[in-house]
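Structural overview for review
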Amino acid sequence: MNWRRIKLIFQREIRDQMRDRRTLFMIAVLPLLLYPAMGVGMVRMLVSFQEQPRTVVVLGERELPEHPELIQPTKTGEEGPRRFVKGWFGLYSDADKLDVYTESMLPRAGDPDADPKLKQLLADAKRIRQKYDQRETLKSTPGRTKDEIELVNRQLGVLFSTSGIQVLIIVPDGFGANIAEVNRLLSEKSGDSEAVPEYGRPIIMHNKADKKSQIAYRRVSSAVSAWEQGILSERLSAAHLPATMTTPVNAEAVDLAQVEDISQSLWSVLFPALLIIMSVTGAFYPAIDLAAGEKERGTMETLLICPASRTEIVIGKFLTIMTFSMSTAILNLLSMGLTGNYMMSAMGGGIFGQAGALAPPSLTALMWVLVLLIPLAALFSALCLSLATFAKSSKEGQYYLTPLLMVTLGLTVFCLSPMIEITPFFSVLPIIGPALLLKELLSSQGSAETLVYAIPVLVTSVIYSMLALWWAIELFSREDVLFRESERFELGLWLRHLLREKEATPSFTEGVVCIVMIFFLQFASYKFLGQIDQDAPLQALKLQMMYLVVTVACPALFMAVMLTKSVRQTLRLRWPSGKMLGLAVLLPVALHPLSLELLASLEWFFPQLPSAVTAQLAALTDNNLPLWLVLLVFAVTPAVCEEVAFRGFIMSGFSHSNRKWLPIMLSALAFGLVHMIPQQVFNATLLGVVLGLIVYHSRSLVPAILFHLTYNSLPILRGRMETKWIEDTPAEWFFAVEGGAIRYEWPTLVIAAVLAVVLLRWLLAQPVGKSSSASANAKLSMESDVNVKTSVRV
Amino acid sequence: MIHAQDLTKSFADLKRGSVYALDHVSFDVQPGEIYGLLGPNGAGKTTCLRIISTVLRPTSGSAVVAGYDVATQPEKVRSRIGFMSGNTGIYDRMTAREMVEYFGRMYGLEEDALQQRIEEIFETLQMHDISDILGSKMSTGMKQKVSIARTIVHDPPVLIFDEPTTGLDVLVARAVIKAIESLRDQGKCIIFSTHIMREVEKLCDRIAIIHKGKILATGTIDELESEYDEPDMEELFFELISRSDAQVAAELS
């Protein structure tokens, strides 16, 4: 690699972008103008914004206790809706946000001068009350069907939502009198608890699905609780009881949050989100311009014939995009920070009154923002560059990149949730890891413990970025990507092409499609798996088996039959040497204790297993089921189905390029990912690599199936082992009994490790011979010779 | 200087299946010679030249350019060739001078030598008045001049021109042809593709007639004319192509 050329390309691209008005606008002008403009807009909105008062109707106002009052009495000559008593609201002004209508506002039923709106509201309210009563009587009448009640319930809902009433309060008859009676009984202290009469409760009707009703209800209900406290304290004082009687604990909440803490918690939410969104936006347009734009303007070939290698070109372009991504993010943060700061201090008493002027984030925090911006920007730049390389025009590039933007937005929302905190597992995920780490570091609670996560976050971020960059280089070296002609695409034509131009083994794309299909089928059948009755284990096992056959084996077999010429070659159905078969049985025996210990020692790392999975795992050790059935479901079926799909069809597809590690790694990763649960994903990916190696070196699927079968059988057999076989025997050297299950002692682990290493080394030393896919390709080119001729004749 | 042996390139096409853009093409070009690839559109000329300039990799066969193999030492090959085609555009947001400077630096020219070389080229091609104009503001003729300057800035021993006169008016086309001629006189090894008879007759020392990925005939113009007994180049061209099409049709039926 020649860094001088990379630097040249980088400088040229930067200069090129700086001369592009669109890029300059997106990166420099927009952030500098956008936030101040938004600030001005917000100030205007706040000034002109006034909340509409909500409509509350109270039926049976006369039945309310006379003291304390809930509703402000009408003063003579006062017009319009009434108000609740201000004292019951935390913020007095809240009382004005509720318009209260009562029957007493309409003294005579047929008053022609009365406000028609008021008449309508009261009539509606009465109708709702009737409907409600009807529903309640129906409910209490025996022999009524659910449907009847449901019908009335629906009518009630419609009535309420069309009435324009946000909250309806119905006070039952004799409510006030009953309260007075209880007060009297208590103050005389004559009544025992039985003497206190039961009386009807008021009803507060609202509609949770309606935002307006919801807001009004929240206000009404807090006012009513305050009012209830008022009644209670009157009752207590009348009975000469201490006011603290009902609050024996009365804990006092002390908030220690400082002004800086409040602003820090604000920064910890805003910064990670903005950093992610802005670094992806900053990479978006330059990437399209540098890759798709280069093709569109016809300068791609000019660049390709200069001495710079494809790798140098990609790295030069990547660094340019990364520079823009980072500067966009930084400029946006700066502009938003300054605008926000100014706004906060300007409207000190506004909605954020308690925060006052925002304290700027600390220098350490800012340093972390910069440090974490680097891997984020690198990942996004490489991803954007890869996707944009696919496109042949800027417009096409935008189509390819939009999904990336959407996924990123989804992840950002996920990270914003206050419930989500960084865990060891999250820390190794792309994008989420850096975002959560930053969130934690910026919030005031961030401590030295959080810093521990910096290592996995940074290391994995660098790995992800490198992978994405490698992908970009890979794409840039592909002729079909760089010189994509705008050939016409017809679905029918394409399908016919697929079926007619079959090759001996599937193509890379077909391998990917197979993975996607498996994922999709798994997703679609998720619903049925959820319905498994854990109490009917036989049925559950049957379902589990069908699930694997339908979602994993079927797509692979179907595609192998339809899309390839040789199912045998695709699925590598070939009898291997006896040594390979021996290895396939021995290696899992050696690996099983190791992987068990590995998983046990990594338990802290993974999120906890969902309960459904634990139940399923328990079925493995359920001694009441016949052993052969459990083995069939959990060992034989997965071994055959998964091997046919992952090491069979998918790995054959990926092997098309005649590489060793790429197909093994990709099929192992796909194999891992279908296991969904993080622990199993990890374990299965590792196993997938071993299985891939076995298939690669034996050129046969059979040892892989045997390995898989053995590996899956071991935990089942382990669960069936009686602990008493081991206790007090020399076997205790090798096994330990822990909580009724058998674990391996370290001598076993050492032996297993040695054995595993020996076996793997032997496997790797096996000559691959003439690779099956190479011969397939040779055959293919001969066949396609024939093809051309035949197809021309047609 | 250029030695191509059995170059073959196949593409997968949705409609026609696997298609040969180039089918066992072999030829040699010497220094001081202009070798013309003559063929109709879609004959495989561009594919052939792209393989020689290492932009595409051959499906099979090999090519050695200026002593280096295109498959194993593509960077060495690229630094010793100048390539110009209808697809090698110039950057919109760079001036003529910046563009030539940029590629000169890419080829590793020393700054002094580069500036001197640019002065020379700009003088010969009469480009001084456009040296500060942005690519997007240039006329087709100006752009073509920049392209030529870019192609020869590192003084490569091998030059490849893929239909360099397509879409140019007579004046500019003539200037381009003159430039290529003078390059031949400097002893460069030149390969030149076109579908215009006149250019071939005027410029090429030897030609190959290429059709559907195959070389139908090769030699000097005189050789071809006497071999096929057809004094008119254009007639010869038509003759060869229709004969080849008839042959393919006969094979298939």
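The model shown is predicted, which means the values in this text are computed figures rather than measured ones.

Describing the overall build of chain A
Helix and strand content of chain A: 27 helices and six strands. Buried residues in chain A amount to 44% of all 794 residues. Within chain A, contacts between residues separated by at least 24 positions form 76% of all contacts whose residues are at least 6 apart in sequence. For chain A, the exposed surface amounts to about 41500 Å²; the carbon and sulfur share of it is 64%.

Concerning the overall build of chain B
In terms of helices and strands, chain B carries nine helices and ten strands. Pairs at least 24 residues apart make up 66% of the contacts formed inside chain B by residues separated by at least 6 positions. Here chain B has roughly 10900 Å² of accessible surface; of this, 49% comes from carbon and sulfur atoms.

Some thoughts on the interface of chain B and chain A
With 39 residues of chain B at the contact, the number on the chain A side is 46 residues. Carbon and sulfur atoms supply 53% of the area buried between chain B and chain A, which totals about 3900 Å² over both sides. Linking chain B to chain A there are eight salt bridges. For Asp289 of chain A, the salt bridge is made with Arg93 of chain B, and the minimal N-O distance between the two is 2.5 Å. Inspection of the region where chain B meets chain A yields 15 residue pairs in polar contact (both at pLDDT 80 or more). Among the elements that make up the side of chain B that touches chain A, the one with the highest residue count is helix 3 (residues 96–106) of chain B (six residues). Class assignment of the residues belonging to the side of chain B that touches chain A gives a composition of 15 nonpolar, eleven polar and 13 charged.

Quick look at the pattern of salt bridges
Throughout the structure, instances matching the rule amount to 44 salt bridges over all chains. Notably, a salt bridge pairs Lys317 of chain A with Glu294 of chain A, separated by 2.4 Å at the nearest N-O pair. On the criterion of sequence distance, the pair formed by Lys317 of chain A in helix 9 (residues 310–346) and Glu294 of chain A in helix 7 (residues 259–296) is long-range, its members being 23 residues apart. The network of salt bridges with common partners includes Arg12, Glu13, Asp16, Asp20, Arg22, Asp289, Glu294, Arg297 and Lys317 of chain A together with Arg93 of chain B.

Structural notes on a negative patch on the surface
Side chains of Glu201, Asp232, Glu234 and Glu235 of chain B sit close together on the surface and give a patch of like negative charge. Here Glu201 of chain B shows up in helix 7 (residues 197–203).

Here's the deal with the sheet that holds strand 6 (residues 81–85) of chain B
All names here are of chain B. Read across the sheet, six strands follow the order 6-7-8-3-9-10 without closing on themselves; strand pairing throughout is mixed. With partners counted over all chains shown, the strands left at the sheet margins are strand 6 and strand 10 (214–220), one partner each. Between one strand and the next, the sheet's axes are offset by a mean angle of 15 degrees, whatever the strand orientation. Of the strand pairs in this sheet, strand 7 (residues 158–162) and strand 8 (residues 189–194) are connected by five bridges, and their pairing is parallel. The partner of Val158 across the bridge, within strand 8, is Cys189. Where helix 5 (residues 140–152) meets the sheet, it contacts strand 6 and strand 7, and its direction lies at approximately 160 degrees from that of strand 6.

Some thoughts on the pairing of strand 6 of chain B
All names here are of chain B. Burial analysis of strand 6 places five of its five residues in the buried class, which makes it a mostly covered element. Residues Ile81, Phe83 and Ser85 of strand 6 are buried on one face, and the alternating residues Gly82 and Met84, pointing to the opposite face, are buried as well. As judged from the five bridges shared by strand 6 and strand 7, these two strands associate in the parallel manner. Of the residues in strand 7, the one forming a bridge with Gly82 is Leu159.

Section: the environment of Ile203 of chain A
Residues and elements named next belong to chain A. Tracing the chain through its elements places Ile203 in strand 4 (residues 203–205). Ile203 gets classed as partly exposed once you look at its relative accessible area, which sits at 21%. Ignoring any residue separated from it by four or fewer positions in sequence, one finds Ile203 in contact with Tyr132, Leu168, Ile169 and Ile170.

Some thoughts on unusual backbone geometry
That bond from His67 of chain A to Pro68 of chain A is cis: its omega, -10 degrees, falls within 30 degrees of zero. Structurally, Pro68 of chain A is set in the loop between strand 1 (54–59) and strand 2 (98–102). Positioned with a positive phi, Ala66 of chain B is a non-glycine residue whose angle comes to about 50 degrees. Tracing the sequence through the fold places Ala66 of chain B in the loop between strand 4 (60–65) and strand 5 (68–69). Even without being a glycine, Asp229 of chain B presents a positive backbone phi close to 55 degrees.

Overview of the nonpolar core
Counting 157 residues, the largest nonpolar core has Ile2, Phe27, Ile52, Val65, Tyr102, Val146 and Ile191 of chain B as its most contacted members. Per element, the largest residue contribution to this core is 16 residues, and it comes from helix 10 (residues 363–390) of chain A. With residues near it in sequence (within four places) discarded, Val146 of chain B still touches Ile90, Ala96, Met99, Val100, Met127, Ile130 and Met138 of chain B.

Section: the side chain of Thr460 of chain A
Residues and elements named next belong to chain A. Positionally, Thr460 belongs in helix 14 (residues 448–476). For Thr460, a relative accessible area of 16% translates into the label buried. A polar contact is formed between the side chain of Thr460 and the backbone oxygen of Pro456, at a distance of 2.6 Å. Those residues in contact with Thr460 that sit more than four places away from it in its chain are Ser427 and Val428.

Observations regarding the confidence of the model for chain A
Residue and element names in this part refer to chain A. Mean pLDDT for chain A: 82, with 85% of residues reaching 70 or above. Contacts from residues 349–355, a stretch scored under 50 in pLDDT, to residues over four places away or in other chains number five contacts. Contacts from residues 770–794, a stretch scored under 50 in pLDDT, to residues over four places away or in other chains number 28 contacts.

A word on the packing of aromatic side chains
Within this structure, the stated rule accounts for eleven aromatic pairs over all chains. Every member of this aromatic cluster is reached through a ring pair, and the members are Phe414, Phe425 and Phe426 of chain A. One cation-aromatic arrangement involves Arg647 of chain A over Phe671 of chain A; the distance from NZ or CZ to the ring centre is 4.4 Å. Taking the ring centre of Phe103 of chain B as reference, the NZ or CZ of Arg150 of chain B above it sits at 5.7 Å.

Re the pairing of strand 10 of chain B
Residue and element names in this part refer to chain B. Bridge count for strand 9 (residues 206–211) against strand 10 is six bridges, and the pairing is antiparallel. Following the sheet pairing, Ile207 is matched in strand 10 by Gly219. Connecting the antiparallel pair strand 9 and strand 10 is a turn made up of two residues, with Lys212 showing a positive phi of about 50 degrees.

Digging into the packing of helix 5 (residues 175–188) of chain A against helix 6 (residues 211–238) of chain A
Residues and elements named next belong to chain A. Viewed as axis vectors pointing N to C, helix 5 and helix 6 meet at an angle of 35 degrees, and their least axial separation amounts to 8 Å. In this structure, helix 5 crosses over helix 6, and the sense of that crossing is right-handed. Taken together, the residues of helix 6 that come into contact with helix 5 (itself represented by Phe175, Ile179, Val182, Asn183, Leu186 and Ser187) are Trp227, Ile231, Arg235 and Ala238. By residue class, the composition of the contact of helix 5 with helix 6 is seven nonpolar, two polar and one charged.

Here we look at the sheet that holds strand 1 of chain A
Residues and elements named next belong to chain A. Judged by pairing direction, the sheet is mixed, and its four strands sit side by side in the order 2-1-3-4 without closing on themselves. Looking at strand neighbours, the two that pair on one side only are strand 2 and strand 4, the edges of this open sheet. On average, each strand axis in the sheet is inclined to that of its neighbour by 20 degrees, with strand direction left out of account. Examined bridge by bridge, strand 3 (residues 167–170) and strand 4 share three bridges and lie antiparallel to one another. Residue Ile169 lies in a different strand from strand 4, and its bridge partner there is Ile204. Taken strand by strand, helix 3 (residues 116–140) contacts strand 1, strand 2, strand 3 and strand 4, and its axis lies near 60 degrees from that of strand 1. The strands that helix 6 touches are strand 1, strand 2, strand 3 and strand 4; relative to strand 3, the one it contacts most, it runs at about 40 degrees.

Things to note about the environment of Tyr20 of chain B
Along the chain, Tyr20 of chain B turns up in strand 2 (residues 17–29). Separated by 24 residues in sequence, Tyr20 of chain B and Gly44 of chain B place their C-alpha atoms 8.8 Å apart.

Quick word on the packing of helix 24 (residues 678–698) of chain A against helix 26 (residues 746–765) of chain A
Residues and elements named next belong to chain A. With their axes 9 Å apart at the nearest point, helix 24 and helix 26 run at an angle of 40 degrees to one another. Viewed along their axes, helix 24 and helix 26 adopt a mutual orientation that is oblique. The hand of the helix 24/helix 26 crossing is left-handed. Where helix 24 approaches helix 26, its residues Val690, Leu693, Ile694 and His697 are matched on the opposing element by Leu760, Leu763 and Leu764.

Regarding the side chain of Thr302 of chain A
As for its position among the elements, Thr302 of chain A is in helix 8 (residues 300–304). The exposure class of Thr302 of chain A is buried, given its relative accessible area of 1%.

A look at helix 10 of chain A
In an α-helix, one full turn covers 3.6 residues, which means residues spaced three or four apart are oriented alike. All names here are of chain A. The end-to-end C-alpha distance of helix 10, which contains 28 residues, comes to 41 Å, matching closely the 40 Å that a straight helix rising 1.5 Å per residue would cover. The largest bend in helix 10 comes to about 25 degrees, at Leu373, with the proline Pro375 one to four residues further on. A large share of helix 10 lies buried, amounting to 20 of its 28 residues.

Conventions and cut-offs
- Residues numbered from 1 in each chain as written.
- Chains lettered and ligands numbered in written order.
- Predicted model: local features only at pLDDT ≥ 70, side-chain atom pairs only at ≥ 80, totals over all residues.
- Heavy atoms only, no water.
- Helix = DSSP H or I, 4+ residues; strand = E, 2+ residues; numbered from the N terminus.
- Buried < 20%, exposed > 50% of the residue type's maximum accessible area, 1.4 Å probe, protein only.
- Contact = heavy atoms within 4.5 Å.
- Areas by Shrake-Rupley, 256 points an atom, 1.4 Å probe, with all protein chains shown as cover.
- Buried area = accessible area lost by both parts, 1.4 Å probe.
- Salt bridge = Lys/Arg side-chain N within 4 Å of Asp/Glu carboxyl O.
- Polar contact = N/O pair within 3.5 Å; in protein donor to acceptor, adjacent residues only side chain to side chain.
- Nonpolar A, V, L, I, M, F, W, Y, C, P; charged D, E, K, R; others polar.
- Patch = residues over 30% accessible without salt bridge, like charges linked within 9 Å, V, L, I, M, F, W, Y side chains within 5 Å.
- Lys, Arg positive; Asp, Glu negative; His and termini not counted.
- Charge placed at Lys NZ, Arg CZ, Asp CG, Glu CD.
- Pairing = 2+ DSSP bridges.
- Axes fitted to C-alpha atoms, helices over the stretch in contact; angles between N-to-C directions.
- Core = buried A, V, L, I, M, F, W, Y, C linked by side-chain atoms within 4.5 Å.
- pLDDT = per-residue confidence, 0-100.
- Phe/Tyr/Trp six-rings, centres within 6.5 Å; stacked < 30°, edge-to-face > 60°.
- Lys NZ or Arg CZ within 6 Å of the ring centre and 35° of its normal.
- Left-handed = near helix turned anticlockwise from the far one by under 90°.
- Parallel < 35°, antiparallel > 145°, perpendicular 65-115°, else oblique.
- Expected span 1.5 Å × (residues − 1).
- Bend = angle between axes of the 7 residues up to and from the residue.

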